[in-house]
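One-letter residues, chain by chain:
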Amino acid sequence: MRSFTLVSLVFVIIGALNWLLIGLFNWDLVQWLFGGNEIVPRIIYIAIGLAGLYALTILKRITR
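Procedures and definitions
Within each chain, residues carry numbers counting from 1 in the order of the written sequence. Given that this is a predicted model, residues contribute local features only at a pLDDT of at least 70 and side-chain atom pairs are listed and counted only at 80 or more, while totals for whole chains, interfaces and linings are drawn from all residues. Think of the side-chain values as coming from all heavy atoms in the structure, minus any hydrogens and water. Runs of E in the DSSP output that reach at least two residues are strands. Runs of H or I that reach at least four are helices, and both are numbered from the N terminus. Each residue's exposure class comes from its accessible area (1.4 Å probe, protein chains only) as a fraction of the maximum for that residue type: buried when under 20%, exposed when over 50%, partly exposed otherwise. A contact between two residues is defined here by any heavy atoms of the two lying within 4.5 Å. Using a 1.4 Å probe, the Shrake-Rupley method yields the accessible areas, and only the shown protein chains count as cover for residues. One less than the number of residues in a helix, times 1.5 Å, gives the span that helix is expected to have. Per residue, pLDDT captures the predictor's confidence, and it can take any value from 0 to 100.

A. Just the overall build of the chain, in detail. Across its full length, the chain holds three helices and zero strands. Projected onto its principal axes, the C-alpha positions of the chain cover 40 × 25 × 15 Å. Looking at the chain as a whole, 17% of its 64 residues qualify as buried. A fraction of 48% describes how many contacts in the chain between residues 6 or more apart in sequence connect residues 24 or more apart. Surface summary for the chain: the accessible area is close to 5200 Å², and the carbon and sulfur share equals 73%.

B. Local environment of helix H3 (residues 39–63). Taking 1.5 Å per residue as the helical rise, H3 with its 25 residues ought to reach 36 Å, and the 36 Å between its terminal C-alpha atoms agrees with that figure. Those residues of H3 that sit buried are Pro-41, Ile-48, Ala-51, Tyr-54, Ala-55 and Ile-58. Of the surrounding secondary structure, the elements contacted by the buried residues of H3 are helix H1 (2–25) and helix H2 (29–34).

C. Examining the environment of Leu-17 more closely. Tracing the backbone through its elements, the reader meets Leu-17 in helix H1. For the pair formed by Leu-17 and Leu-29, sequence separation is 12 residues and the distance between their alpha carbons is 8.6 Å.

D. Structural context of the side chain of Ser-8. Looking at the secondary structure, you find Ser-8 in helix H1. Take Ser-8: its relative accessible area is 5%, and that puts it in the buried class. What Ser-8 contacts, discounting residues up to four positions off in sequence, is Ala-51 and Tyr-54.

E. Summary view of unusual backbone geometry. Positive phi, close to 55°, is recorded for Asn-26, a residue that is not glycine. Along the chain, Asn-26 falls in the loop between H1 and H2.

F. Quick peek at H1. With 24 residues, H1 should cover 34 Å at 1.5 Å per step; its first-to-last C-alpha distance of 34 Å lies within 8% of that length. Along H1, the positions that sit buried rather than exposed are Thr-5, Ser-8, Gly-15 and Asn-18. Contacts from the buried residues of H1 go to H2 and H3. Positive backbone phi, approximately 55°, marks Asn-26, located one or two places after H1.

G. Representation of the confidence of the model for the chain within the structure. The share of residues in the chain with pLDDT of 70 or more is 100%, and the mean pLDDT across the chain is 91. For the chain, H2 is the element with the lowest average pLDDT, namely 90, and H1 is the one with the highest, namely 94.

And the structure:
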């Protein structure tokens, strides 16, 4: 479970950095890396979203 948590946190960080780049420079890193295909970025965005939901459970455990 520890490795799953680590991967989830890495996805959350990637998502946060991507939003930072979009906000500052209007540049989407995920789309740039996997832009030729529409399904791959969509899968990555779904994985990042699920990691964010899992991070909420981590936050709940930390704040207890």
